[in-house]
Amino acid sequence: MNHHDLEHVHPPLPQLGEEVELFLETPAREGLLLYEKDGELHKKPLERAQGGLRVRVAVHASPFRYLFRLPQGFLGSHGLEKTLPRYDRFFHLLAGPLPPAWALGAVYYQIFPDRFRQGRPELAPKEGAWRLLGRPIRRKAWHEPPGPEGAWEFYGGDLYGVLEALPHLEALGVEVLYLTPIFQSPSSHRYDTEDYLRVDPHLGGEEALAALYRALEARGMRLILDGVFNHVGATHPWFQRALKDPQSPERGMFTFYPEGTYASFWGVKSMPKLDYASPLTQERFVWGKEAPIRHWMGYAHGWRLDVAHSLGEGGTNRKNARWLRALARAAKEARPDALVIGELSYDTIPTLRAHTLDGAMHYAGFAHPVMEWLSGQDVHGERVSVEAQAAWAALWDHYQALPLQVRHAMYTLLSSHDIPRALWRLGGDVERFKLAYALLFAFPGSPAIYYGDEIGLSQPNPPTEWRGDPYCRAPFPWDEGAWNREVLAFLKRLVRLKKTHPALRLGGLLPLEAPPGVLAFRRRHGGKEVWAYFAPQGVRLRLPRGVDLLSGEEVFGEVEVHHLLFQPLD
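Calculation notes
- Residues numbered from 1 in each chain as written.
- Predicted model: local features only at pLDDT ≥ 70, side-chain atom pairs only at ≥ 80, totals over all residues.
- Heavy atoms only, no water.
- Buried < 20%, exposed > 50% of the residue type's maximum accessible area, 1.4 Å probe, protein only.
- Helix = DSSP H or I, 4+ residues; strand = E, 2+ residues; numbered from the N terminus.
- Pairing = 2+ DSSP bridges.
- Right-handed = clockwise from strand over helix to strand, strands pointing away.
- Axes fitted to C-alpha atoms, helices over the stretch in contact; angles between N-to-C directions.
- Parallel < 35°, antiparallel > 145°, perpendicular 65-115°, else oblique.
- Left-handed = near helix turned anticlockwise from the far one by under 90°.
- Contact = heavy atoms within 4.5 Å.
- Nonpolar A, V, L, I, M, F, W, Y, C, P; charged D, E, K, R; others polar.
- Core = buried A, V, L, I, M, F, W, Y, C linked by side-chain atoms within 4.5 Å.
- Phe/Tyr/Trp six-rings, centres within 6.5 Å; stacked < 30°, edge-to-face > 60°.
- Lys NZ or Arg CZ within 6 Å of the ring centre and 35° of its normal.

Undergrad: Where do I start with the pairing of strand β20 (residues 302-305) in this structure?
TA: The two faces of a sheet get side chains in turn, since along a regular strand they alternate between them. Side chains Gly302 and Arg304 project from β20 onto one buried face, and the interleaved Trp303 and Leu305 project onto a second face that is buried too. As paired elements, strand β19 (residues 222-227) and β20 share four bridges and run parallel to each other. The residue bridging glycine 227 from the neighbouring strand is leucine 305, located in β20. Across four bridges, the pairing between β20 and strand β21 (residues 339-342) is parallel. Opposite glycine 302, over in β21, you have leucine 339 as the bridge partner. Where the polypeptide runs from β20 across helix α8 (residues 320-334) and back to β21, its parallel neighbour, the crossover connection is right-handed.

Okay, here's the thing in structure tokens:
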């Protein structure tokens, strides 16, 4: 077996120019390191070491691209190949700034603040308190299901409610909270910001954020905020000045077209798109002391950048990598241990290899193929036929292509505020839902629980009306009689395993042979392995002596399972 992953890089988070030791688990007794430098391929001989081969080399560039030349062929990110592969199949190693060590394999919990918990009822907006796009907002009772006008519907959740719920989250084992936007906005989703330097008073304002931050710090937990820096709300004073006065300094912050229209997020005119070619946009969002990405680093540990794949110049995503990199560096200048991940909804690899962000929401490389396999429908509700091996091929391909340090910082998910909840997509099948979550926690990356998934929260819309938003944003039911205790206990076990088992936390990923219809893989760390099997229809396996990590029981010989996290004892 030939194996090379993050655990074989020392130090794993190097600075530019720093020398690292690269180790390769291999039976080979000789070989070469090939690495790209200044357009040429350079060579260094590998030295024998216990269990494999090693070499020391300076990380002269980021990404640093390399592979191993062995007697059998060339070993790069996608395995052993007989001929020299393209550079995109080399291993990619990044140099600092890098994901902070605390973020690797961390367990997330995503909260949509208006729908999670109400701490102070007097903060909630009143019925018709203002108009959004010409229509009055609505105040809904906590027990009411969300309707089709999600942006207008307010339930009154706030940051004090999140503070009150910390015992529940701590008991679940959560390490990082990710809050969708909290800054002053006219809608309940708050992706249409009108003041980046003011926490929405209906959420409790800056006082509530500070109290939440202190409470999280006291518990050793962390907080990630949602940075909506691709666009602003149409009610933002900057846009209003730009709209009304073509001579205003703010005019250049946005892209106006000759016919009088302007660039916006997905053509939604209530969300005008920022133009990062503008020096004023750059000053207010990147370089300036009061740029929100810097300003709030005293109250949070990092950011998730909304629609990060779209951000750029001239109403497009031109120079996207440059500005993502600049935003991430700005956050890290204000807080060196900050984490900055992005909503990269499609292929994350080109952006992450360009040394921009610390990671991304793992839609294309995890959520989409897994849920297509398990539900038979894609994220848009179209019927698909994805077999276990096809799902595994997608997961494996994305994992191999990622830079080594980013592999464990990926925000890996099944449900979110933008896509249908996993339990709803699975038709309420709790066993298949548990299998999906077992797969999530067994896979490399930072697993994310969407609020309510841990107690079996679903959606009120029928399967014939295929939508996530706004129905995936139902209020959290705090009546524990409505909770699925079986699901809650199961997720607690998964969280505990992710936090305590080295192979599940930081182990590399390797293929594992399995019968047809079974998605299987190995996690390996320090020479120890966990074998993971997932079979929606059930499967009979013959195993050596080992431990079922979810039950804690020893198993040997033939077993029938739908999902299994197995640690061999030999």
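There's more to say after this.
Undergrad: Would you mind showing me how to read the packing of helix α10 (residues 363-375) against helix α13 (residues 430-442) here?
TA: One way to put it is that α10 packs onto α13 with a least axis distance of 11 Å and a crossing angle of 150°. Accordingly, the angle class assigned to the pair α10 and α13 is roughly antiparallel. As α10 packs across α13, the resulting crossing turns out to be right-handed. In this structure, α10 uses Phe366, Val370, Trp373 and Leu374 to contact α13, whose residues at the interface are Arg432, Leu435, Ala436, Leu439 and Leu440. Of the residues belonging to the contact of α10 with α13, the class tally is eight nonpolar, no polar and one charged.

Undergrad: I keep staring at the sheet that holds strand β25 (residues 508-511) and nothing clicks. Help me out?
TA: The strands making up a sheet associate through backbone hydrogen bonding, with each pair oriented either parallel or antiparallel. In spatial order, the strands read β25-β26-β27-β28; together these four strands make up an open sheet with antiparallel pairing. For this open sheet the edge positions go to β25 and β28 (553-568), each flanked by a neighbour on one side alone. On average, each strand axis in the sheet is tilted by 30° relative to the strand beside it, whichever way the strands run. Note that strand β27 (residues 528-548) and β28 share 15 bridges and pair antiparallel.

Undergrad: Would you mind showing me how to read the nonpolar core here?
TA: A general feature of soluble globular proteins is that nonpolar side chains tend to end up buried together. Counting 123 residues, the largest nonpolar core has Tyr109 and Phe534 as the members making the most contacts within it. No other element matches α13, which puts nine residues into this core. One finds Val20, Ala28, Phe91 and Leu93 within the second-largest nonpolar core, a separate group that totals 24 residues.

Undergrad: Where do I start with the packing of aromatic side chains in this structure?
TA: For any pair of aromatic rings, the description consists of the separation of the ring centres together with the inter-plane angle of the planes. Counted by the stated rule, this structure contains 44 aromatic pairs. Taking the centre distance of 5.9 Å and the plane angle of 80° together, the rings of tyrosine 66 and phenylalanine 68 count as edge-to-face. By relative accessible area, tyrosine 66 is classed as buried at 0%. Ring-pair connections join several aromatic residues into one group, and the members of that group are Phe183, Tyr196, Tyr213, Phe229, Trp238, Tyr276, Phe285, Trp287, Trp296, Tyr299, Trp303 and Trp323. One residue, arginine 407, lies across the ring of tyrosine 399, its end atom 4.4 Å from the ring centre. The positively charged end of arginine 421 is found above the aromatic ring belonging to tyrosine 451, 4.8 Å away from the centroid.

These values are about where atoms sit, not about what they do.
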